[in-house]
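Summary of structural features
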Amino acid sequence: MSKIFRLILEYTWLGVAILSIGAGIHKTYRFGFQESYLFFVISFISVLMYMFRRYVRISQSKKEQN
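Keep in mind the model is a prediction, meaning the values are calculated, not measured.

Calculation notes
Residues numbered from 1 in each chain as written. Predicted model: local features only at pLDDT ≥ 70, side-chain atom pairs only at ≥ 80, totals over all residues. Heavy atoms only, no water. Helix = DSSP H or I, 4+ residues; strand = E, 2+ residues; numbered from the N terminus. Expected span 1.5 Å × (residues − 1). Contact = heavy atoms within 4.5 Å. Phe/Tyr/Trp six-rings, centres within 6.5 Å; stacked < 30°, edge-to-face > 60°. Buried < 20%, exposed > 50% of the residue type's maximum accessible area, 1.4 Å probe, protein only.

Every α-helix winds through 3.6 residues per turn, so residues three or four apart in the chain are directed the same way. For helix α1 (residues 3–31), spanning 29 residues, the distance from its first C-alpha to its last is 42 Å, which sits close to the expected 42 Å at 1.5 Å a residue. Buried residues belonging to α1 abut α2 (33–65).

Here it is, written out as structure tokens:
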């Protein structure tokens, strides 16, 4: 997997997390938490995926340097 693709994938997960947090806050404000909790679950999973992809990218970079 190329370095650029790894970086794009990492920032895509961060973007999904930010957008779903925004959508969750908006929907909570308009309809209540009962209707919007799924956005927060998606955001949490996206943040975990972002951190995982970042860890993998950094570890791959260290392997390539050695």
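So, about the packing of aromatic side chains. Enumeration according to the criterion identifies 1 aromatic pair in this entry. When the ring of F33 is compared with that of F40, the centres are 5.9 Å apart and the planes differ by 25°; the resulting orientation is stacked. Among the residues examined, F40 registers a relative accessible area of 25% and is labelled partly exposed.

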